[in-house]
Amino acid sequence: GRIRISLKPVHTDESAKWRIDVEDNGPGVSEEDLDKLFKPNFTTKKTGTGLGLAICRSIVEQSQGTIAYSRSELGGARFTILLPAV
């Protein structure tokens, strides 16, 4: 598998932010699971608690940021985090 992480400054009229993209070339997320992706206790695996993305979202939002899912150019998942530049 391949993983790519990128960090870029993003400047808007309102503020400066950092954009962090974490993407892979795995299977991605199915359409039916998209609405549950950041919910606590949701997992598609046989083991695990399904808390990882819920905790990530909570930490990002406590930092006045956002996290979103999209398809990666690599073919798998991409998670984009936007955080205020301080």
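Everything below is about the structure printed above this text.
Rules of the game
Residues numbered from 1 in each chain as written. Predicted model: local features only at pLDDT ≥ 70, side-chain atom pairs only at ≥ 80, totals over all residues. Heavy atoms only, no water. 1 Å grid on protein atoms, 1.4 Å probe; cavity = no way out; pocket = protein on both sides within 12 Å on 5 of 7 lines; lining within 4 Å. Points joined across faces, edges and corners; volume = space filled by probe spheres on them. Helix = DSSP H or I, 4+ residues; strand = E, 2+ residues; numbered from the N terminus. Nonpolar A, V, L, I, M, F, W, Y, C, P; charged D, E, K, R; others polar. Pairing = 2+ DSSP bridges.

Draft legend 1. Looking closely at the layout of surface pockets. Computed from the structure, the largest pocket encloses a volume of approximately 490 Å³. Lining the largest pocket are 21 residues; nearest its centre among them are Val29, Leu37, Thr44, Lys45 and Leu53. For the lining of the largest pocket, the secondary-structure elements that each account for two or more residues are α1 (52–62) and β4 (77–84). Residue composition of the lining of the largest pocket, grouped by class: 8 nonpolar, 9 polar and 4 charged.

Draft legend 2. Fine view of the pairing of β4. Alignment of strand β2 (residues 16–24) against β4, held across 7 bridges, turns out to be antiparallel. Note on β4: the bridge partner recorded for Arg19 is Leu82. Bridge count for strand β3 (residues 66–71) against β4 is 6 bridges, and the pairing is antiparallel. Among the inter-strand pairings, Ser70 is bridged to a residue of β4, identified as Arg78. Hairpin connection, β3 to β4: the antiparallel pair is bridged by 5 residues, and Gly75 has positive phi, about 110°.

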